[in-house]
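# Observations on chain architecture
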Amino acid sequence: MSQVKLLRADSNDRIDRLTEAFDGYAENIAETNSKALVSALAEVVRDFNVKVNEQFGDNFRQLNLAVERLVSWQVQYEKQLEALIEQETATRENMTEAALRITHIVNMASEFAAVARSLQDIVGALNNQSAQLARALMVLSGLIVEVTEGLPAIEQRLVQMMARSEQGVRSSQETFGAGARHPAESIQATRA
């Protein structure tokens, strides 16, 4: 979990640095281009002053050519600047989209971690149930062994009880049989 947090923080730091780098790049390009424009204009003005002093008529014609070139350069510069702005805007949008995707990935990683934790709890519960089942099986196994060992003794006791019952029934039958043959003697023997 901590590694995921570190990864997320690292990703956010990198995105912030990339955004700062792109902002600095855009400012640097604008400043450089402004300096180049100012420098070019200063050079044109300097040339204009020198040539005006030297040749008034010919210099105006050259000035017109320079102004045309400057206008052409400005148009080209404007197109390049627009392209650069579009490119920077697209880069920013891509970076924003990338940041959203990375955030989504980090969030998904957090969800995966939560699922892993819940699975870990389930596995722990299953291990506990397995251990309880193993203990119950051991108890059942011991009970089966005891029952297996005790069955012959129970059988022997049942056989003994049946033999005693049989003897008691026989003696009762003999007593009742004798009483049925000699009813008067049986009654007197019973009273005595």
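All of the points below concern the structure found in this document. Note that the structure is a prediction, hence the values are computed from the model and not measured. (Residues numbered from 1 in each chain as written. Predicted model: local features only at pLDDT ≥ 70, side-chain atom pairs only at ≥ 80, totals over all residues. Heavy atoms only, no water.)

Moving on: the overall build of the protein chain. Within the protein chain, the secondary structure is distributed over three helices and zero strands. Helices (α) and strands (β) of the protein chain occur, in sequence order from the N terminus, as α-α-α. Buried residues in the protein chain amount to 8% of all 192 residues. The long-range share in the protein chain, meaning contacts at least 24 apart out of those at least 6 apart in sequence, stands at 69%. About 15,800 Å² of surface is accessible on the protein chain, with carbon and sulfur atoms providing 60% of the total. (Helix = DSSP H or I, 4+ residues; strand = E, 2+ residues; numbered from the N terminus. Buried < 20%, exposed > 50% of the residue type's maximum accessible area, 1.4 Å probe, protein only. Contact = heavy atoms within 4.5 Å. Areas by Shrake-Rupley, 256 points an atom, 1.4 Å probe, with all protein chains shown as cover.)

Size it by volume and the largest pocket reaches roughly 220 Å³. The dominant element in the lining of the largest pocket, judged by the number of residues it contributes, is helix α1 (residues 2-54), at six residues. The class makeup of the residues in the lining of the largest pocket is five nonpolar, two polar and four charged. (1 Å grid on protein atoms, 1.4 Å probe; cavity = no way out; pocket = protein on both sides within 12 Å on 5 of 7 lines; lining within 4 Å. Points joined across faces, edges and corners; volume = space filled by probe spheres on them. Nonpolar A, V, L, I, M, F, W, Y, C, P; charged D, E, K, R; others polar.)

Here the focus is the packing of aromatic side chains. Enumeration over the complete set of coordinates arrives at one aromatic pair. Arranged with centres 5.3 Å apart and planes meeting at 10°, the rings of W73 and Y77 form a pair that is stacked. Pair noted here: W73 and Y77 are both in helix α2 (residues 56-181), with a separation of four residues, about one helical turn. By relative accessible area, Y77 is classed as buried at 13%. (Phe/Tyr/Trp six-rings, centres within 6.5 Å; stacked < 30°, edge-to-face > 60°.)

Now for the pattern of salt bridges. Tallied over the entire structure, the rule returns six salt bridges. Across the pair R101 and E97 runs a salt bridge whose closest N-O atoms are separated by 2.5 Å. Here R101 and its partner E97 are both found in helix α2, four residues apart, which amounts to about one turn of the helix. Of the residues examined, E97 reaches a relative accessible area of 37% and is grouped as partly exposed. Salt bridges here are not isolated pairs; linked through shared partners, they connect D23, E88 and R92. (Salt bridge = Lys/Arg side-chain N within 4 Å of Asp/Glu carboxyl O.)

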